[in-house]
Amino acid sequence: GKSSGLRAATTPPQDNPASQNTVTANSSPSSGDSAISGWREDWLFGSEWDGSKTQTKPGTSESNNATPFRGKRTVRDDWEPKNRDVFLKFSELSLFEKLNVNVQEEEEQLRAEARRNSRESKDALTFLGTLAAVPLSVSFVTGEFIYDPMVASFAAVHPETFEVRDYQKREGSKELHGEETKLRLLANVGEAPELSEKELSQKLHEKAEHIAHEFIEENEKALSNGLADSTAIFVLVSMILVQREKWDILIETWKRLFDGFSDTGKAFLLILVTDILLGYHSEAGWTGMIEILCAHYGVEVEEEALFTFIAIVPVCIDSYFKFWVFQYLTGLSPTARVTFQAMDRH
């Protein structure tokens, strides 16, 4: 009995299949959890999808010959957490730097900004003067020394091109009738000797030739003005396109100057401009401006076209200006907008 007990104690325990199966069954869920955890990490942290490989379903062993499923996410070697995985960190040092302002550094920045604004203002004024002087000079020089001789030479070869137009004939007849009335009045009051019908007709004939010659010169000058002004406009546009940086500086300077006005000053400036261009009395100004431009280019002013232009163009400008006030001035200075509306009502 003692020998059998000793032999049983010294004999190593045999592997029990049931216990082995129990251990395997108990260990398999932990391996399944790790597999699921790894698979979820691959899915969460941006791994690349590799559809060409297969993987057994998590929670089962390879020896069970489980049905494989496609879709393995392999983790990249160069993977880094995305922005959504990075937590915001509070920095006490940055907060201290925000609260502890360096006065000397701020003053130096303000001085640098003031020097930059002064330099940009000088550049803007210089560029604005250049934009005004250069095109005017080009228009005058080209008109007097290039286009006038060319047009005169062309008129000498083709004089019918610059004949007196119909509206000029009507104006000339009114002027000639006024001259005849003047001569008869001077003769009747005794300030001039009496003229016979032949002498009066001769004087009127000379006056008519003089008027016709002036109209022909005006037609030639109108063509020369058109060519010279076209050249000046081309030069102006070229200057703006070539010197785009200076143009941007000019716009920024104007914005800074406008922002520097008080709210009342902004409202006054806006009302002044709108009343000049769009006021109830601006019709006379538009009419005079259009007549001057048409006379400069030798174009007849027709009343129908003039009234149509005045009825459409100022209204479009007024609509755009109101949209600009609503869109830009509201964000720039709400108080200026309220002041502008209050002053505009009165």
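Residues numbered from 1 in each chain as written. Predicted model: local features only at pLDDT ≥ 70, side-chain atom pairs only at ≥ 80, totals over all residues. Heavy atoms only, no water.

## Here we look at the overall build of the chain
- Helix and strand content of the chain: 11 helices and two strands.
- Of the regular secondary structure in the chain, the N- to C-terminal order runs α-α-β-β-α-α-α-α-α-α-α-α-α.
- Restricting to contacts in the chain with at least 6 residues of sequence separation, those with at least 24 account for 69%.
- Roughly 26000 Å² of accessible area belongs to the chain as shown, and the carbon and sulfur atoms make up 60% of that amount. (Helix = DSSP H or I, 4+ residues; strand = E, 2+ residues; numbered from the N terminus. Contact = heavy atoms within 4.5 Å. Areas by Shrake-Rupley, 256 points an atom, 1.4 Å probe, with all protein chains shown as cover.)

## A word on the side chain of Thr 142
- Residue placement: Thr 142 occurs in helix α4 (residues 103-157).
- In this structure Thr 142 comes out as buried when scored by relative accessible area, which is 10%.
- Of note is the side chain of Thr 142, whose polar atom sits 3.3 Å from the backbone oxygen of Ser 139.
- Excluding residues that lie within four positions of it along the chain, Thr 142 makes contacts with Tyr 147, Ala 228 and Thr 231. (Buried < 20%, exposed > 50% of the residue type's maximum accessible area, 1.4 Å probe, protein only. Polar contact = N/O pair within 3.5 Å; in protein donor to acceptor, adjacent residues only side chain to side chain.)

## Some thoughts on the pattern of salt bridges
- Counting across every chain of the model gives 10 salt bridges.
- In this structure, Arg 256 engages Glu 120 in a salt bridge whose closest nitrogen and oxygen atoms are separated by 3.6 Å. Here Glu 120 lies in helix α4 and Arg 256 lies in helix α7 (residues 244-260), a separation of 136 residues in the sequence.
- Given the relative accessible area of 28%, Arg 256 is considered partly exposed.
- Among the salt bridges present, the one from Glu 144 reaches Lys 221, with a minimum N-O distance of 3.4 Å. With a gap of 77 residues between them, Glu 144 in helix α4 and Lys 221 in helix α6 (residues 197-242) connect regions that are remote in the sequence. (Salt bridge = Lys/Arg side-chain N within 4 Å of Asp/Glu carboxyl O.)

## Here's the deal with the packing of aromatic side chains
- The full count for this structure, using the stated rule, is three aromatic pairs.
- Aromatic pair Phe 154 and Phe 162: ring centres 6.3 Å apart, planes at 90°, arrangement edge-to-face.
- Given the relative accessible area of 4%, Phe 162 is considered buried.
- Centroid distance Trp 254 to Phe 258: 6.1 Å. Interplanar angle 40°. Geometry classified as tilted. In this pair, Trp 254 and Phe 258 are both assigned in helix α7, four residues apart and thus about one turn of the helix distant.
- Assessed through its relative accessible area of 46%, Trp 254 is described here as partly exposed. (Phe/Tyr/Trp six-rings, centres within 6.5 Å; stacked < 30°, edge-to-face > 60°.)

## Quick notes on a nonpolar patch on the surface
- A cluster of nonpolar residues, Phe 140, Val 141, Phe 145, Ile 146 and Met 150, forms a patch on the protein surface that exposes about 530 Å² of accessible area.
- Its location among the elements puts Val 141 in helix α4. (Patch = residues over 30% accessible without salt bridge, like charges linked within 9 Å, V, L, I, M, F, W, Y side chains within 5 Å.)

## Structural notes on the environment of Gly 265
- With respect to the element layout, Gly 265 can be found in helix α8 (residues 263-278).
- Accessibility expressed as a relative area gives 25% for Gly 265, which makes it partly exposed.
- A C-alpha to C-alpha distance of 8.4 Å links Gly 265 and Ala 336, two positions 71 residues apart in sequence.

## Describing the confidence of the model for the chain
- Considering every residue of the chain, the mean pLDDT works out to 76; 67% of them sit at 70 or more.
- Per-element confidence in the chain ranges from a low mean pLDDT of 44 for helix α1 (residues 2-10) to a high of 94 for α6.
- Predicted confidence for residues 1-32 stays below pLDDT 50, and this span has two contacts to residues more than four positions away or in other chains.
- Counting interchain partners and residues more than four positions distant, the pLDDT-below-50 stretch residues 38-66 has 48 contacts. (pLDDT = per-residue confidence, 0-100.)

## Thoughts on the packing of α7 against α8
- At a minimum axis distance of 8 Å, the contact between α7 and α8 shows a crossing angle of 115°. Of the residues in α8, those in contact with Trp 254, Phe 258 and Asp 259 of α7 are Lys 266, Leu 269 and Leu 270.
- For the contact of α7 with α8, the per-class residue count stands at four nonpolar, no polar and two charged. (Axes fitted to C-alpha atoms, helices over the stretch in contact; angles between N-to-C directions. Nonpolar A, V, L, I, M, F, W, Y, C, P; charged D, E, K, R; others polar.)

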